[in-house]
Amino acid sequence: MVRTLEQRRFPVKKLVLLASKRSAGQTTTFNGKTVTIEELTPASFAGVDIALFSAGGSVSKEYCPIAAAAGATVIDNSSAWRMDPDVPLVVPEVNMEHAANRPKGIIANPNCSTIQMMVALKPLHDAARIKHIVVSTYQATSGKGHAAVTELEEQTQAKLSGKDYPPKVFPSPIAFNVVCDWKAGDMDYSEEEWKMVHETRKILGDQSILVSPTTVRVPVVNGHSEAVYVSFHRPLHAAEAKDLLRNAEGVELTDGPYAPGKHPQPIDAAGKDAVYVGRVRDDIGVPGTIHLFVVADNLRKGAALNAVQIAERL
Ligand SMILES: NC(=O)c1ccc[n+]([C@@H]2O[C@H](COP(=O)([O-])OP(=O)(O)OC[C@H]3O[C@@H](n4cnc5c(N)ncnc54)[C@H](OP(=O)(O)O)[C@@H]3O)[C@@H](O)[C@H]2O)c1
């Protein structure tokens, strides 16, 4: 988040960096200057205009209202406030107008998988109104934090050396494997899958949209991929969808006939800001419905960048 503010030359008069007691006193740099990290306390927000939170749900639950009461506009990365009816859930390219109505002074940043799908689908929704989305994700380990990336790297090395490396972050080995999201939600869907259902409906402002998700972790360091199938209230064909996506804000369309290796890939999206959309094609069996392959950097567009973009537009 700090690097994103720097790279986008966000107009910062003063940057206050807060963390737990564990990190207080450590330093980092911002725009070439040293900044000392302070411990988060209820008094931390005096004089703060915009507060970007990314310290987990329990910290956000407690401290976002304190920051808002001190006069800051809060943009929260955790899932703590996303489904609160008094908190707008915002993807700037999709529903920035929702941010104007924030009775609690808090704006929520959606889940990473939902953000990139919304950027890709909004132009199509505007044209033909989405009826049903069937989505399968191929999510990177970085979405589960630094420890998850370390586990992938160390476990891969261990396996190649014939050594044992029991899983810690993941419920089963992530090296040379794929792992379905394991935090259980209702009806045998995972919590991550339910986030895609509820957040899609809230962001697009349409509770009738059907979303059928399967969320899966793959041995990728960074960059989420999604295979998305969509049907609409009127037929929409791949040619029209490509025309709509070619000029869509935040989207990079990979056009042209399918060529091996020429589709959006996490290895290319990592470190970039765009949502990459490719393999836009008509369904074989159901005319007027389409498939897309959607890839983005989950740490940038799926988290830090989206939060900073909200702040930029505010
Ligand atoms: N789409 C999205 O918006 C998106 C994407 C990814 C993650 N997230 C969410 O972002 C949050 C952080 O994830 P992450 O992967 O960045 O975690 P992380 O790497 O573990 O970072 C957590 C940060 O929060 C600080 N922190 C933890 N407990 C604290 C406390 N009691 N008081 C003050 N600061 C505290 C930590 O400081 P210390 O080093 O001092 O502990 C650290 O700087 C999670 O809620 C996650 O779900 C959102």
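Criteria and cut-off values
Residues numbered from 1 in each chain as written. Predicted model: local features only at pLDDT ≥ 70, side-chain atom pairs only at ≥ 80, totals over all residues. Heavy atoms only, no water. UniProt positions renumbered as here; feature names shortened; annotations may be inferred. Near = heavy atom within 4 Å. Polar contact = N/O pair within 3.5 Å; in protein donor to acceptor, adjacent residues only side chain to side chain. Helix = DSSP H or I, 4+ residues; strand = E, 2+ residues; numbered from the N terminus. Core = buried A, V, L, I, M, F, W, Y, C linked by side-chain atoms within 4.5 Å. Buried < 20%, exposed > 50% of the residue type's maximum accessible area, 1.4 Å probe, protein only. Contact = heavy atoms within 4.5 Å. Domains from an automatic or database assignment. Buried area = accessible area lost by both parts, 1.4 Å probe. Salt bridge = Lys/Arg side-chain N within 4 Å of Asp/Glu carboxyl O. Nonpolar A, V, L, I, M, F, W, Y, C, P; charged D, E, K, R; others polar.

The protein chain is annotated in an unreviewed UniProt entry as Aspartate-semialdehyde dehydrogenase from Pendulispora rubella. Per UniProt, the protein chain has the following entry under Catalytic activity (unreviewed entry): "L-aspartate 4-semialdehyde + phosphate + NADP(+) = 4-phospho-L-aspartate + NADPH + H(+)". Recorded in UniProt under Subunit (unreviewed entry), the annotation for the protein chain is "Homodimer."

Just checking my understanding: could you explain the site of the ligand for this structure?
Around the ligand lies a shell of 20 residues, among which S20, R22, S23, N77 and G302 are the nearest. Taking R22, its side chain carries an N or O atom lying 2.7 Å from an oxygen atom of the ligand. Between the ligand and the protein, one listed contact pairs a nitrogen atom with a backbone N or O atom of G302 at 2.3 Å. Elements with a minimum of two residues in the shell around the ligand: α2 (57–69) and α9 (300–313).

Whenever I open this one, the nonpolar core confuses me. Can you help?
As a rule of thumb, soluble globular proteins bury nonpolar side chains together. With 53 residues, the main nonpolar core has L121, L124, I133, V228, V277 and L292 as its most contacted residues. Setting aside anything within four residues of it in sequence, one finds V228 in contact with M117, L121, I133, V134, V135, I290, H291, L292 and V294. F30, V35, I37 and I75 belong to the second-largest nonpolar core, a separate cluster that totals 16 residues.

Would you mind going over the domain arrangement of the protein chain with me for this structure?
You can read the domains of the protein chain as domain 1 (2–109 + 304–313) and domain 2 (113–298). One C-alpha centre belongs to domain 1, the other to domain 2, and the line joining them spans 26 Å. In this complex, domain 1 contributes 16 residues to the contact, which on the side of domain 2 involves 13 residues. For domain 1, the biggest contributors to the area lost against domain 2 are L89, E93 and V94; these three give 39% of the whole. Where domain 1 packs against domain 2, one counts three salt bridges. Residue R313 pairs with E249 through a salt bridge whose shortest N-O separation is 2.7 Å. Of the residues in the side of domain 1 that touches domain 2, the class split is six nonpolar, five polar and five charged.

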